[in-house]
Amino acid sequence: MAGLMEDFGQKIDLCSRIREILVNYPPGSTILKEFVQNADDAGASKIVFCLDKRTFRSETLAHERLAAFQGPALLVHNDGVFSDQDFDSIQNIGDSQKKGLLVKTGRFGIGFNSCYHVTEMPTFLSRDRLVMFDPQAKYLPDVNPANPGKSLNVCSASVHQHYADQLAPYRAFGVDFRGPYKGTLFRLPLRTPEQAKASKLSAQCYTEESLLPLLRDFVEDAQHSLLFLKNVSSVEVCVWSDQSESAPQVLWTCAIGNLSKQLRDQRSRISASVAQSQALSLKDKVLSYAATDSDYELSISVSQGSGGTARKSVYDWLVCTSCAGGSESNVSRIACAPENFRLRLVPWAGVASLVAQNGKAPGQVKGRAFCFLPLPAETGLPVHVNGYFELSSNRRDIWRGDDMAGEGRIRA
């Protein structure tokens, strides 16, 4: 009787899903913050955003259609390395394997896709793999909507022989192709006006001139991005103007100036404790957090330019973080209740207070809410407040629970 049945079921169109993500993730510096978040989750200590204005040869490419992507691009480098799980996770929109990891900031698996605001075809290099995404299945050879991307082994002699020009734009930030790359380099070729006219993803094109304000907006908020992160301690913005330049020109740098092994341990202490609780929970199916505190001072320097002509400001912050544990804490009891195990609630919170600016008493601080990275919401407090808040999928809105019931209300 099976022959009486016809195929019927829900499907998802990849391009439609990406367009939906772009609506929820408005264009702007939020795109760059997603890369900071993912770098922190990967254990990176440094991230660099580079406007690469150079155009590369296009004789030896994987396909002639890829010549359109040899021009200006946004490069994003960090010193973390993709794991096997990361390679799997980035292929699944909205089904990130980070969801089950309590110490990962990126819990939704869709933030990376906000980069389609800028590009038609994001690519990245890590270890021995160069990955290229083509969700429209129109640029790469032998792709289709079911498999819209390709991966190259950059340690293969054949790849270098046949695709030398394809690899040329990635020779930056320590990439020399002499072995697996001990870092990660994203390359986002800027969407051209011609590509925008025919795009199924976005009609927005980006030029070198329109990308610079986005980078500038990001820098103005960069020091706040470092306050509650676990690993990233330096953010840099630069521009690569000409093929004759051996390295890009640094425009802005934001870095923790008092970094030490002790401070690294203090920044990651809560996450290490939560990770240990998670490991035990997977075995026993019961969450139990250890009460853990970590208070430390951050001296964050923000520099414009490089060398002796750089203009520098220094902001001194006091950061206090805590994970509640034990039965005496109400939030810990809620998080560890057996009926809430599947929700993976985390009683983790902190505050950051600006105590000095350039060695002097600071002005009034407009307190904001953070979920490890700053959110648009202002709190009205004189300090910034960080929490493992339940957020909307685009990381912009905090669930408040006033109009929710059941699990939604508990999570909020």
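Residues numbered from 1 in each chain as written. Predicted model: local features only at pLDDT ≥ 70, side-chain atom pairs only at ≥ 80, totals over all residues. Heavy atoms only, no water.

Enquirer: Describe the environment of V250, naming the residues involved and giving the relevant values.
Expert: Here V250 is to be found in strand β8 (residues 249-256). Judged by relative accessible area, which is 18%, V250 ranks as buried. Taking the C-alpha atoms as reference, V250 lies 9.7 Å from S303; in sequence the two are 53 residues apart. Apart from the residues within four sequence positions on either side, V250 is in contact with E236, V237, C238, G305 and S306. (Helix = DSSP H or I, 4+ residues; strand = E, 2+ residues; numbered from the N terminus. Buried < 20%, exposed > 50% of the residue type's maximum accessible area, 1.4 Å probe, protein only. Contact = heavy atoms within 4.5 Å.)

Enquirer: Describe the packing of helix α2 (residues 30-41) against helix α7 (residues 208-220), with residues and values.
Expert: Packing of α2 against α7 leaves a shortest axis separation of 9 Å and a crossing angle of 55°. Classified by the angle their axes make, α2 and α7 are oblique. Residues I31, L32, K33 and V36 of α2 pack against L214, L215 and F218 of α7. Counted by class, the contact of α2 with α7 contains 6 nonpolar, no polar and 1 charged residues. (Axes fitted to C-alpha atoms, helices over the stretch in contact; angles between N-to-C directions. Parallel < 35°, antiparallel > 145°, perpendicular 65-115°, else oblique. Nonpolar A, V, L, I, M, F, W, Y, C, P; charged D, E, K, R; others polar.)

Enquirer: I'd like a description of the pattern of salt bridges, backed by residues and values.
Expert: The full count for this structure, using the stated rule, is 12 salt bridges. K230 is paired through a salt bridge with D40; the nearest N and O atoms lie 3.1 Å apart. Taken as a pair, K230 in the loop between α8 (222-225) and β7 (234-240) and D40 in helix α2 lie far apart in primary sequence, 190 residues in all. Judged by its relative accessible area of 7%, K230 is buried. Assessed through its relative accessible area of 0%, D40 is described here as buried. Of the charged contacts in the structure, one is a salt bridge between K261 and D265, with a shortest N-O distance of 3.1 Å. Here D265 and K261 lie together in helix α9 (residues 261-284), a separation of 4 residues that amounts to about one turn. According to the relative accessible area criterion, K261 is exposed, its value standing at 59%. (Salt bridge = Lys/Arg side-chain N within 4 Å of Asp/Glu carboxyl O.)

Enquirer: Explain the pairing of strand β13 (residues 373-378) to me, using residue names and the numbers behind them.
Expert: The sheet contact formed by strand β12 (residues 368-371) and β13 spans 3 bridges and is antiparallel. Bridging from a neighbouring strand, C371 pairs with L373 of β13. (Pairing = 2+ DSSP bridges.)

Enquirer: Outline the packing of aromatic side chains, supporting the account with residue identities and numerical values.
Expert: All told, the structure shown has 17 aromatic pairs when counted by the stated rule. Taken together, a centroid distance of 4.7 Å and an interplanar angle of 85° make the contact between F69 and Y139 edge-to-face. Of this pair, F69 sits in the loop between β1 (46-52) and β2 (73-78) while Y139 sits in the loop between β4 (129-133) and β5 (149-153), and the two are 70 residues apart along the sequence. What makes F69 buried here is its relative accessible area of 3%. Its relative accessible area of 9% is what places Y139 among the buried residues. Judged by centre distance (5.1 Å) and plane angle (55°), the ring pair of F82 and F87 falls under tilted. (Phe/Tyr/Trp six-rings, centres within 6.5 Å; stacked < 30°, edge-to-face > 60°.)

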